[in-house]
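Breakdown of the fold
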Amino acid sequence: MIDAIEALARLREGNRRFAANRSAAKALESRASRTQLVAGQEPFAIILGCSDSRVPAELVFDQGFGDLFVIRVAGNIVAPSQIGSVEFAAARFGTRLVVVLGHSQCGAVAATLEEVLGRTTTESKNLRSIVDRIRPAVEDLLAGSRGTDSEALIREAVLANVRASVRQLRHGSALLERLTLTDGLVVVGAKYSLETGVVSFFEGVPDGR
Ligand SMILES: [Zn+2]
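We now turn to the structure provided with this report. (Residues numbered from 1 in each chain as written. Predicted model: local features only at pLDDT ≥ 70, side-chain atom pairs only at ≥ 80, totals over all residues. Heavy atoms only, no water.)

**Observations regarding the coordination of the zinc ion**
Note on the zinc ion: its protein donors are Cys50 (SG), His103 (NE2) and Cys106 (SG). The metal-donor distances range over 2.1 to 2.3 Å. On the primary sequence, the residues serving as donors to the zinc ion are separated as C-x52-H-x2-C. Of the two residues, His103 and Cys106, both sit in the buried class. (Donors = N, O, S within 2.8 Å, 3.2 Å for Na, K, Ca; no water. Buried < 20%, exposed > 50% of the residue type's maximum accessible area, 1.4 Å probe, protein only.)

Below, the structure is given as structure tokens:
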């Protein structure tokens, strides 16, 4: 298994190809290469991303079958089943890089912001369970930034929500905490821009990378 630094470099290269419209189209791999994967997988990165249809992790990183272990949930939130999924991949496959991938114009973050500002209320308790996990990051942000325009608020809220998820993954699991301290597991936060196709890694990136 490659280490977190090399995995990060691989994701950056893939996203550069994608954003420049030079994808290697690995997503369309042959039946023969898929057949090789039947025996087992060794995904080099774990991605916790949003369900948004405009942010398919494999495509934005130009990766193929077997490369990424992807968890997608609206608002890239961290609940027990997401932590369990990350633990599973890190322990079973030895994958050492975890990326929380937020994105611009995130509907789940925008809905939370609307609710915190008192403009809407979420009726469904299932949907509420998502909003409630995003809410603390948004509330902290609002407490520190009176009078910011709403575009800027959503932008900042997306970043704050990614940072919160990174923190929860690092500290919400004894297993992940141990792997981070002693076994080279790295959890980073990133944002995908719908406008440019570029992923920027902005949280927890190892020095000099
Ligand atoms: Zn989203």
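**Digging into the pattern of salt bridges**
The final tally for this structure, using the stated rule, is nine salt bridges. Across the salt bridge formed by Asp183 and Arg96, the nearest N and O atoms sit 3.4 Å from each other. Placement of the pair is Asp183 in the loop between helix H8 (174-182) and strand E4 (186-192) and Arg96 in the loop between helix H4 (80-93) and strand E3 (97-103), with a sequence separation of 87 residues. By relative accessible area, Asp183 is classed as partly exposed at 39%. (Salt bridge = Lys/Arg side-chain N within 4 Å of Asp/Glu carboxyl O. Helix = DSSP H or I, 4+ residues; strand = E, 2+ residues; numbered from the N terminus.)

**A few points about empty space enclosed by the protein**
Take a probe with the size of a water molecule and roll it over the atoms, and the empty space left behind shows itself. For the structure on display, the rule yields one cavity of 30 Å³ or more. Estimated volume of the largest cavity: approximately 30 Å³. The wall of the largest cavity is formed by Ile77, Val78, Arg133, Asn161, Ala164, Ser165 and Gln168. Broken down by element, the residue count for the lining of the largest cavity peaks at four residues, all from helix H7 (residues 150-171). Residue classes in the lining of the largest cavity are distributed as three nonpolar, three polar and one charged. (1 Å grid on protein atoms, 1.4 Å probe; cavity = no way out; pocket = protein on both sides within 12 Å on 5 of 7 lines; lining within 4 Å. Points joined across faces, edges and corners; volume = space filled by probe spheres on them. Nonpolar A, V, L, I, M, F, W, Y, C, P; charged D, E, K, R; others polar.)

**Structural notes on the nonpolar core**
In terms of nonpolar packing, the biggest core is built from 34 residues, with Ile46, Leu48, Val86, Val98, Ile134, Leu169 and Leu176 touching the most fellow members. Here this core gets six residues from one element, more than from any other, and that element is H7. Not counting residues within four places of it along the chain, the set of residues in contact with Val86 comprises Ile46, Ile71, Val98, Leu169 and Leu176. Formed by 22 residues, the second largest nonpolar core is a distinct cluster that contains Leu11, Ile47, Val60 and Val186. (Core = buried A, V, L, I, M, F, W, Y, C linked by side-chain atoms within 4.5 Å. Contact = heavy atoms within 4.5 Å.)

**So, the side chain of Asp62**
Looking at where Asp62 falls in the secondary structure, it is placed in the loop between helix H3 (57-60) and strand E2 (68-72). Within the local environment of Asp62, its side chain forms a polar contact with the side chain of Arg17, the two groups lying 2.6 Å apart. For Asp62, the side chain forms a polar contact with the main-chain nitrogen of Ala24, separated by 2.8 Å. (Polar contact = N/O pair within 3.5 Å; in protein donor to acceptor, adjacent residues only side chain to side chain.)

**Some remarks on the packing of aromatic side chains**
One pass over the full model with this rule turns up five aromatic pairs. Ring centres of Phe69 and Phe93 lie 6.0 Å apart, and the angle between their planes is 50°; on these two criteria the pair is classed as tilted. Separated by 24 residues along the polypeptide, Phe69 in strand E2 and Phe93 in helix H4 bring together distant segments of the chain. A relative accessible area of 15% means that Phe93 is categorised as buried. (Phe/Tyr/Trp six-rings, centres within 6.5 Å; stacked < 30°, edge-to-face > 60°.)

**Observations concerning the environment of Gln82**
Mapped onto the fold, Gln82 is located in helix H4. Considered as a pair, Gln82 and Leu169 are 87 residues apart in the sequence and their alpha carbons are 8.8 Å apart. Only 2.8 Å separates the side chain of Gln82 from the backbone nitrogen of Ala79, close enough to count as a polar contact.

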